[in-house]
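# Inside the fold
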Amino acid sequence: MTLLEARGLDKTYRRSGNPVRAIRCIDLSVASGDRLGIVGESGSGKSTLVRMLAGLLEPSFGQVLYRGNPINGANREQLRELRRGVQMVFQDPRSSLNPRMRIGDIIAEPLFSPVQPRSIRAHAVERVAELMDLVELDDVAPNVYPHELSGGQRQRVAIARALAPAPEVLIADEAVSALDVSVRAHVLNLITDLVATQNLTLVFVSHDLTVVRHLCDRMVVMRDGVIVEQGRTEAIHANPTDDYTARLLASVPRLPGH
Amino acid sequence: MMLKVDQLTVRFGRRTTPAISGIGFHIDQGERLGLIGESGSGKSVTSLAVMGLLGDTARISGSIRWKGEELVGRSDAHYSRLRGAAMGMVFQEPMTALDPTMRCGRQVAEVVRLHAGADRGQARAKVLEILATVGLADPERIADSYPDELSGGQRQRVLIAMAMVNSPQLLIADEPTTALDVTVQAKVLEELDRMLANTGAGLLFISHDLAVVARMCERIAVMYRGSIVETGRLDQVLGNPQHPYTAGLIATADITSAEPGSRLPVIQDFWRQS
Amino acid sequence: MKRAVLWAGATLVALVVLACLVSVAWLPTDPNTVGTPTLAPPSADHPLGTDNLGRDLAARLLVGARSCLLVGVVAVSIGAVIGVPLGIIAGGSRGVAATVLMRGADIVYAFPALLLAILLAAARGHASTFTAMAAIGLSTIPAFMRVTRSAAVDVLAQDYVMAARGAGFGLGHIALRHVLPNVAPVVLVQSSSAFGVAILAEASLSYLGLGTPPTTPSWGRMIYEAQSFVYSDIQLAALPGICIAAAVLGFNLLGDGLRDLLDPTLREITR
């Protein structure tokens, strides 16, 4: 079934007084169990698009539907459902983790949200331990601060927080781009495992086509707020039809002989 | 030997564990060395030590020789004659490395006038020339722009122009393309490549991305926790890594070699094998 | 070097606090007892001599530390308690609301504290320590609003705020849990400099007769009363003047020191 759907989405920002049209009339749908990649470079509008899908940004025109119900003008119960069901992981854990909170509190925070039933608060401590286990942070104490962790560990904290409300859709916005190449493989393996074990629907945003190819079965390529190509990941990777997609693919640095 | 670093150890403040210890490498005229390692491995400390930019809290021992002349322990005044003239440096973050209150052209011109002593007109001509050389299409407009009016790629090119304008013999580039988009990164690397080939300058290239280092350098040194664990010609190191960490880096560098959705190799796999 | 500034500031501030504590526990003589000798040099009875009415200078200086600190604490509290929440709200709002808040701050900022003190004194029928504190406190609100707003704007742009919204939290939770702890350092630094400003303002208002009433010794008022004797007995004006300068300098240095200590960009370099 279709979980998230964008219909004629359009977003215009004002930057120093001038209107900038970040997203131009985009239609997109994400079905349960999908692993959708959104590829594009900075300024392509990919972050704006997923923030609108997560209900964190209002579109200028068009609609986002979650489980068939429009998010704009959703009633209280529908909004609760969205906030529980769709969670995001951001690019840079230095910005996505509050430096003055302990990581246990960061992971537990969504459990204390007004959209969650009060009953789960009683089990918050066990739930945090379970989540830290899940993201392979079992050797880290929950009372440390983010700056005491490595970049890879911090991103795991962000993933654990996103999983806390047991969402069905996980939106990852450049979740491995700020990491060292050598740490990236680790986090990608973790995401692959979590998608399988937690039955997650994945929307993965990246500028790196090879990462999207590894994680996603379907992808869209965005440029200047428009989708320029979409289809099965393997097919696009093997034979890009759009010039820009081809250029993106050719630009990914590779080791000689690979 | 243009640059020769020997047994370089740096400690900060009262800490007993050194940030880097016993580092040694050399760069010949026109040679390109890639320094690779993860964040916190001491790559940037090494490059800052070579440039004499570490600050008062650093305690440095060992030797850094520039054309046979020892630099460790020399005054900052002595260093500043080398910086921007014989050695140029490009940093990772193009926004913070440029002064937001000054037009880009003037920032480049200052470097010219500081070392070459050119007058205003000569400096301006040289600035426009170098901006064109780094692949900026409209040098006049770029020179008259403030940093925040430029894109990330344009800013990074201005920084490269600043580093190269006095035709240094060695360029030190610390993650110069990490903050850029892949297509922009590809272009900037290409221009850097061409410029170095034209001027015959040497390169110390620092990155966590093996594929990028491999694109630019003929020799690499692998850093791990403050030490160089392996060094050699690129093809040799890639073909026959001696250290398990290097083998791990090579395996993680290219995810297209793994089947989509399959488990990717990680560095730890290689530690276990050894 | 940065620590030296912090320590110098902390030491000066500690001296003022110490003087205040000592004045509560012990005084050489009563600071308001008029008698002879007048304008006396230092002696065993009067360690710093006496003023034109024969009052003990040392006792008056010690008690003056009290009003100085009292005014500082109350004025800074008024400024912070009103200015910080308004600053956070201004940081989180857009359009008309933000404009109204910040232009309101500009108006209060442009309004002379002196005029405010006169108006308050007129409204209450007489000038008192209370009217001085209220006038000074109200006039420091814009400064608190501005620093809080700019820090709050930075915090609100962070992704952890976005994550909290995505989890379903409202603005109240975000303001208390995320914004307040992260703007606390700049508020602390601002409080410290505002303290210095408040002390100086209180001294000026007392000098003009718009602050602490004659029965309570205050450093500013002591300078006012010493005016006629500056050519013969300079110490009557100089000593309270030095006290004011030391207190103001102390709080400003403490503010600078705290800023350096808490600024993460400066801390990062030693890493």
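From a predicted model like this one, the values you see are computed outputs, not experimental measurements. (Residues numbered from 1 in each chain as written. Chains lettered and ligands numbered in written order. Predicted model: local features only at pLDDT ≥ 70, side-chain atom pairs only at ≥ 80, totals over all residues.)

## Comments concerning the overall build of chain A
- Per the secondary structure count, chain A includes ten helices and ten strands.
- Its C-alpha atoms give chain A a radius of gyration of 18 Å, within 12% of the compact-globule value 18 Å for 258 residues.
- Here the C-alpha coordinates of chain A stretch approximately 55 × 55 × 40 Å along the principal axes.
- Looking at the 258 residues of chain A, the share that counts as buried comes to 47%.
- Contacts spanning at least 24 positions in sequence make up 67% of the contacts within chain A whose residues lie at least 6 apart. (Helix = DSSP H or I, 4+ residues; strand = E, 2+ residues; numbered from the N terminus. Rg over C-alpha atoms; globule rule 2.2 N^0.38 Å. Buried ≥ 20, exposed ≤ 12 C-beta atoms within 10 Å, placed from the backbone. Contact = placed C-beta atoms within 7 Å.)

## Points about the overall build of chain C
- The helix and strand tally for chain C stands at ten helices and zero strands.
- Shown N-terminal to C-terminal, the secondary structure of chain C runs as helices and strands in the order α-α-α-α-α-α-α-α-α-α.
- Its C-alpha atoms give chain C principal-axis dimensions of roughly 75 × 50 × 30 Å.
- The 271 residues of chain C split such that 46% are buried.
- When contacts within chain C are restricted to residue pairs at least 6 apart in sequence, those whose partners lie at least 24 apart make up 70%.

## A few points about the sheet that holds strand E2 (residues 18-31) of chain A
Residue and element names in this part refer to chain A.
- Strand order in this open sheet of four strands is E2-E1-E4-E5, and the pairing throughout is antiparallel. At either margin of the open sheet sits one strand with a lone partner, and together these are E2 and strand E5 (69-70).
- Against the sheet, helix H1 (residues 46-53) engages strand E1 (2-15), E2 and strand E4 (61-66), with an angle of about 125° to E1. (Pairing = 2+ DSSP bridges. Axes fitted to C-alpha atoms, helices over the stretch in contact; angles between N-to-C directions.)

## Observations concerning the interface of chain A and chain B
- In this assembly, 27 residues from chain A lie in contact with 32 residues from chain B.
- Taken together, the elements giving at least two residues each to the side of chain A that touches chain B come down to helix H7 (181-197), helix H8 (209-215) and helix H10 (243-251) of chain A.
- Of all the elements, H7 of chain A adds the most residues to the side of chain A that touches chain B, at eight residues.

## Remarks on the confidence of the model for chain C
Residues and elements named next belong to chain C.
- Per-residue pLDDT for chain C averages 86, and the proportion of residues at 70 or more is 96%.
- Averaged over each element, pLDDT in chain C is lowest for helix H10 (residues 264-268) (46) and highest for helix H6 (residues 159-166) (94).
- Below a pLDDT of 50 lies the segment residues 265-271, which in the model reaches five contacts outside its immediate sequence neighbourhood of four places, other chains included. (pLDDT = per-residue confidence, 0-100.)

## Section: helix H3 (residues 95-110) of chain C
- With 16 residues, H3 of chain C extends 22 Å between its outermost C-alpha atoms, agreeing within 8% with the 22 Å of an ideal straight helix rising 1.5 Å per residue.
- A small share of H3 of chain C lies buried, amounting to one of its 16 residues. (Expected span 1.5 Å × (residues − 1).)

## Examining the pairing of E2 of chain A
All names here are of chain A.
- As defined by bridge partners, E1 adjoins E2 across ten bridges and the pair is classed as antiparallel. Looking at the pairing, Leu-9 lines up with Ile-26 of E2.
- Turn length for the E1-E2 hairpin, with the two strands adjacent in sequence and antiparallel, is two residues, and the turn residue Ser-16 shows positive phi of about 40°.

## Overview of the pairing of strand E4 (residues 58-66) of chain B
All names here are of chain B.
- Two elements, strand E1 (residues 3-12) and E4, share eight bridges in a ladder whose sense is antiparallel. Its bridge partner lying in E4, Thr-9 is registered against Ser-61.
- For E4 and strand E5 (residues 69-70), the ladder comprises two bridges, and the chain directions are antiparallel. Looking across to E5, one finds that Arg-65 is bridged to Glu-70.
- Where E4 folds back on E5, the antiparallel hairpin that results is connected by two residues, among which Lys-67 adopts a positive phi of roughly 50°.

## Remarks on the sheet that holds strand E6 (residues 86-89) of chain A
Residue and element names in this part refer to chain A.
- The mixed open sheet is built from six strands, whose spatial order is E6-E7-E8-E3-E9-E10. On the outer flanks of this sheet lie E6 and strand E10 (226-232), each paired with one strand and no other. Across the sheet, the mean angle separating the axes of adjacent strands is 15° when strand polarity is ignored.
- Sheet topology places strand E3 (residues 35-39) next to strand E8 (residues 201-206); five bridges connect them, and they run parallel. Across the sheet, residue Leu-36 finds its bridge partner in E8, namely Val-203.

## Side note on the packing of helix H5 (residues 129-156) of chain C against helix H7 (residues 171-207) of chain C
Residues and elements named next belong to chain C.
- It is at 9 Å that the axes of H5 and H7 come closest, and there the two elements cross at 155°. Put simply, H5 runs roughly antiparallel to H7. Seen along the crossing, H5 lies across H7 with a hand that is right-handed.
- Taken together, the residues of the contact of H5 with H7 sort by class into 18 nonpolar, five polar and one charged. (Parallel < 35°, antiparallel > 145°, perpendicular 65-115°, else oblique. Left-handed = near helix turned anticlockwise from the far one by under 90°. Nonpolar A, V, L, I, M, F, W, Y, C, P; charged D, E, K, R; others polar.)

## Points about the environment of Ile-199 of chain C
All names here are of chain C.
- The residue Ile-199 is located in helix H7 in this model.
- A count of 27 C-beta atoms within 10 Å places Ile-199 in the buried class.
- It is 5.8 Å that separates the C-alpha atoms of Ile-199 and Cys-68, two residues lying 131 residues apart in sequence.
- In contact with Ile-199, other than residues within four places in its own chain, are Cys-68, Val-71, Gly-72, Ile-244, Ala-247 and Val-248.

## Quick word on the nonpolar core
- Ranked by size, the top nonpolar core spans 233 residues in total, and within it Val-203 of chain A together with Val-108 of chain B carry the most contacts.
- At 17 residues, the largest contribution of residues to this core is made by helix H2 (residues 57-92) of chain C.
- Setting aside residues up to four positions removed in sequence, Val-108 of chain B forms contacts with Val-127, Ile-130, Val-158, Ala-161, Met-162 and Val-165 of chain B. (Core = buried A, V, L, I, M, F, W, Y, C linked by C-beta atoms within 7 Å.)

## Some points on unusual backbone geometry
Residue and element names in this part refer to chain B.
- The backbone of Gln-7 sits at a positive phi, close to 50°, despite the residue not being glycine.
- For Gln-7, the position within the fold is in strand E1.
- One non-glycine residue, Glu-175, lies in positive phi territory at about 45°.
- On the secondary structure map, Glu-175 appears in the loop between strand E7 (170-174) and helix H8 (182-199).
- Its 20 C-beta neighbours within 10 Å are what place Glu-175 among the buried residues.

## A word on the packing of H7 of chain C against helix H8 (residues 219-226) of chain C
All names here are of chain C.
- Look at H7 against H8: their axes get within 7 Å of each other, and the N-to-C directions meet at 40°. When the axes of H7 and H8 are compared, the crossing they make is right-handed. Between H7, through Glu-202, Ala-203, Ser-204, Leu-205, Ser-206 and Tyr-207, and H8, the contact on the second element is made entirely by Trp-219, Gly-220, Arg-221, Ile-223 and Tyr-224.
- Here the residues of the contact of H7 with H8 sort into six nonpolar, three polar and two charged.

## Some details on the environment of Ala-162 of chain A
Residue and element names in this part refer to chain A.
- Looking at the secondary structure, you find Ala-162 in helix H6 (residues 151-163).
- Of the residues examined, Ala-162 has 28 C-beta atoms within 10 Å and is grouped as buried.
- Measuring from C-alpha to C-alpha, the distance between Ala-162 and Ala-108 comes to 9.9 Å, with 54 residues separating the pair along the chain.
- Discounting residues that sit within four places of it in the chain, Ala-162 has contacts with Gln-87, Met-88, Val-89, Pro-167 and Leu-170.

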